[in-house]
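So the chains spell out like this:
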There are 2 protein chains.
Amino acid sequence: MADVKTGARARGIDRVIALMEHLHRLRTPTRIADIARDTGTPRSTVYELVNTLVEARWLELRDGDGTVYFGPAMHYYGSDYLDSVDLIRKARGEVTHLSESVGETAQFCMLDGDKYLVVLNEPGRRMFRLSSEIGIKVPIPWTASGRLLVDHMTPQEIRAFIPAEDFTLPDGRKIVEAEFLHDIAQAREAGFVRTTALVDRFTTCMAAPVRDPAGRCIATICFVVPADTEADQQAMMIDALKASAARLSGAR
Amino acid sequence: MADVKTGARARGIDRVIALMEHLHRLRTPTRIADIARDTGTPRSTVYELVNTLVEARWLELRDGDGTVYFGPAMHYYGSDYLDSVDLIRKARGEVTHLSESVGETAQFCMLDGDKYLVVLNEPGRRMFRLSSEIGIKVPIPWTASGRLLVDHMTPQEIRAFIPAEDFTLPDGRKIVEAEFLHDIAQAREAGFVRTTALVDRFTTCMAAPVRDPAGRCIATICFVVPADTEADQQAMMIDALKASAARLSGAR
DNA sequence: TCGATTTGTCCGATATTTCGGACATCGATC
DNA sequence: GATCGATGTCCGAAATATCGGACAAATCGA
């Protein structure tokens, strides 16, 4: 990433990259002075850059309280990206359809390095938002989909690939490696995976694998639902996921 | 905008802004040398910047044929933007629901300066994509929605607001100002607007206004369909648009 | 096979952008 | 009403990022 040495003079573009990554991590409009402090950028430099970026609509001044956040240009460029990647464009259709027809939150997920992340998220009809952190990296063992996304690796490869600390959940519990490997084998066998109360005590996640022609899992499509969702309802959702995943696997 | 004087030395960030705007205009992966030529940026500078941007995932090398296009980071930042703007977040739900339930392309549109643009686009079930130019500026008179978005202005204000050349369609036909003003009055009266064969001979567009508490049209929600769509089908779609627009107007 | 064109890397110089700090406003708090 | 902190602007100096051009490698075409 754009590593900006503290105290040293840096290129504007590196400062901007750090700024945007910072806003994405915070996920909330932020005051300029805070950005300067937290990214280690001189105050006068941030003001200068923010003015430029606001002019270009990359950022927007919010609320009139001196905070800035992403602007519309990011949405336009992001849409161009989505449209340009075949698999993702198709996945959009599947995810919206699943979410609309079932009424629950549906997602499309991939790996980014040794982390899992949500690429597409379509919220369901529920009031309370069960999650929606597009582009936020999460340890692989914390997720249902993660169990599918590494299912082409040997146990040794998995051990080398996933950082050891990623097996510790946010609440401090540890995921036993043997169980994790067992989950993976079982998921590959069944063609889907389901986890409950992993990151969040009251949430169940169901996922199906999207595979490339070689059979390798390159993405997953999944539902995020309350843990007390009826069993037959869950079975229906798993079937829908498998059908969507199969369409995406075929379409190449 | 980021105006980069030809021949002069420019800041990296201004070069990057020009580069991204250029890619957005082209809407296709582009070779680095072409970017250099068309944006007036020195070749060595573009290579340098592209490397930095690829590393940050703002851009992606495509195809292995030396072209670059937007990368996943743009999608993440764009999603953050969509989630952060209340009206747009709600509009997403309406647009996806309209598109899913009716099976036709639905859009959410706003003004950007004196131009119209599509903010959200959800394609219908048809094979041929009838349009989807998110974030591309279009002259107001070329669109159905445009007739709603200026309906709070007097004829004089409209004349001052819309550039004269914007009344000429891509095929050279001219839109008579009197008819345009008549359309606007009629649309405000009816609570919706419909145009056929404006930009595209075989396309009909229907739109309903989203209004702020003061009654001013701040956005529109619309369907884009083939011109030969049945009349009763169109009537049903207009009702659906009005209902969605009303929900968005109320939700403040 | 051999030029012609394109693509990508590298390097040194200098025009310029970043940076620190000073300063003026503004609001809140006591 | 005085003090403190936060916000935003401005300026000169110097560290350095941009740029032009040279060069090698790859690709193309005839």
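Residues numbered from 1 in each chain as written. Chains lettered and ligands numbered in written order. Predicted model: local features only at pLDDT ≥ 70, side-chain atom pairs only at ≥ 80, totals over all residues. Heavy atoms only, no water.

*Asks:* Can you walk me through the relation of the copies chain B and chain A in this structure?
*Replies:* For the pair chain B and chain A, the relating rotation is 180°, the translation along its axis is 0.0 Å, and the fit reaches an RMSD of 0.0 Å. Accordingly, the operation relating the two chain copies is best matched by a two-fold axis. Comparing contact sets, 100% of the residues at the interface of chain B also lie at the interface in chain A, consistent with an isologous, same-surface contact. (Least-squares fit on C-alpha atoms with pLDDT ≥ 70 in both. Contact = heavy atoms within 4.5 Å.)

*Asks:* How should I be thinking about the pattern of salt bridges in this particular structure?
*Replies:* Side chains that differ in charge, positive against negative, can pair when their charged atoms come close. With the rule as written, the count across this model stands at 40 salt bridges over all chains. Linking D112(A) and K137(A) is a salt bridge whose minimum nitrogen-to-oxygen distance equals 3.5 Å. Pair noted here: D112(A) is in strand β4 (residues 105-112) and K137(A) is in strand β6 (residues 137-139), with a separation of 25 residues, a long-range link. Relative accessible area serves as the criterion here: at 46%, K137(A) is assigned to the partly exposed category. One salt bridge connects K115(B) with D114(B), and the closest N-O pair in it is separated by 3.3 Å. Shared partners join several salt bridges into a network, and the residues in it are R31(A), D34(A), R37(A) and D38(A). (Salt bridge = Lys/Arg side-chain N within 4 Å of Asp/Glu carboxyl O. Helix = DSSP H or I, 4+ residues; strand = E, 2+ residues; numbered from the N terminus. Buried < 20%, exposed > 50% of the residue type's maximum accessible area, 1.4 Å probe, protein only.)

*Asks:* Explain the interface of chain B and chain A to me, please; I cannot follow it from the model alone.
*Replies:* How large an interface is tends to be reported as the accessible area lost when its parts come together. Contact residues are listed per partner, giving 50 residues for chain B and 51 residues for chain A. On the chain B side of the contact with chain A, H75(B), Y77(B) and Y81(B) bury the most area, a combined 15% of that side's loss. The interface formed by chain B and chain A includes 8 salt bridges. In this structure, D112(B) and R57(A) form a salt bridge, with 2.7 Å as the shortest nitrogen-oxygen distance. The interface formed by chain B and chain A includes 18 residue pairs in polar contact (both at pLDDT 80 or more). Secondary-structure elements contributing two or more residues to the side of chain B that touches chain A are α1 (12-26), α3 (43-55), β2 (59-62), β3 (67-70), α4 (72-84), α5 (86-102) and β5 (115-122) of chain B. The greatest single-element share of the side of chain B that touches chain A, amounting to 12 residues, is contributed by α4(B). (Buried area = accessible area lost by both parts, 1.4 Å probe. Polar contact = N/O pair within 3.5 Å; in protein donor to acceptor, adjacent residues only side chain to side chain.)

*Asks:* I would appreciate a short explanation of the state of the cysteines in the present structure.
*Replies:* As used here, a disulfide is simply a covalent bond connecting the sulfur atoms of two cysteines. On inspection of all chains with the given rule, the structure shows 0 disulfides over all chains. C217(A) takes part in no disulfide bond, and the closest cysteine sulfur, belonging to C109(A), lies 10 Å away. (Disulfide = S-S within 2.5 Å.)

*Asks:* Any chance you could explain the protein's contact with DNA strand D here in plain terms?
*Replies:* Near DNA strand D there are 16 residues, and of these R9(A), R31(A), R9(B), R15(B) and T45(B) occur at the shortest range. The separation between a base nitrogen of DNA strand D and a polar side-chain atom of R9(A) is 2.7 Å. Here R43(A) contributes a side-chain N or O atom positioned 2.9 Å from a base oxygen of DNA strand D. (Near = heavy atom within 4 Å.)

*Asks:* Would you mind going over the nonpolar core with me for this structure?
*Replies:* Within the largest apolar cluster, 127 residues are counted, with the highest numbers of intra-cluster contacts made by M20(A), W58(A), F108(A), M20(B), W58(B) and F108(B). The leading source of residues in this core is strand β9 (residues 217-226) of chain B, at 7 residues. Ranked by size, the runner-up nonpolar core spans 25 residues in total, among them L149(A), I158(A), L169(A) and I175(A). (Core = buried A, V, L, I, M, F, W, Y, C linked by side-chain atoms within 4.5 Å.)

*Asks:* Help me understand the confidence of the model for chain A in this model?
*Replies:* Do not read the fine detail of predicted coordinates wherever pLDDT is low. Looking at chain A as a whole, its pLDDT mean stands at 92, while 94% of the residues score no less than 70. When the criterion is pLDDT under 50, residues 1-7 of chain A qualifies, and its contacts beyond four places in sequence or with other chains add up to 7 contacts. (pLDDT = per-residue confidence, 0-100.)

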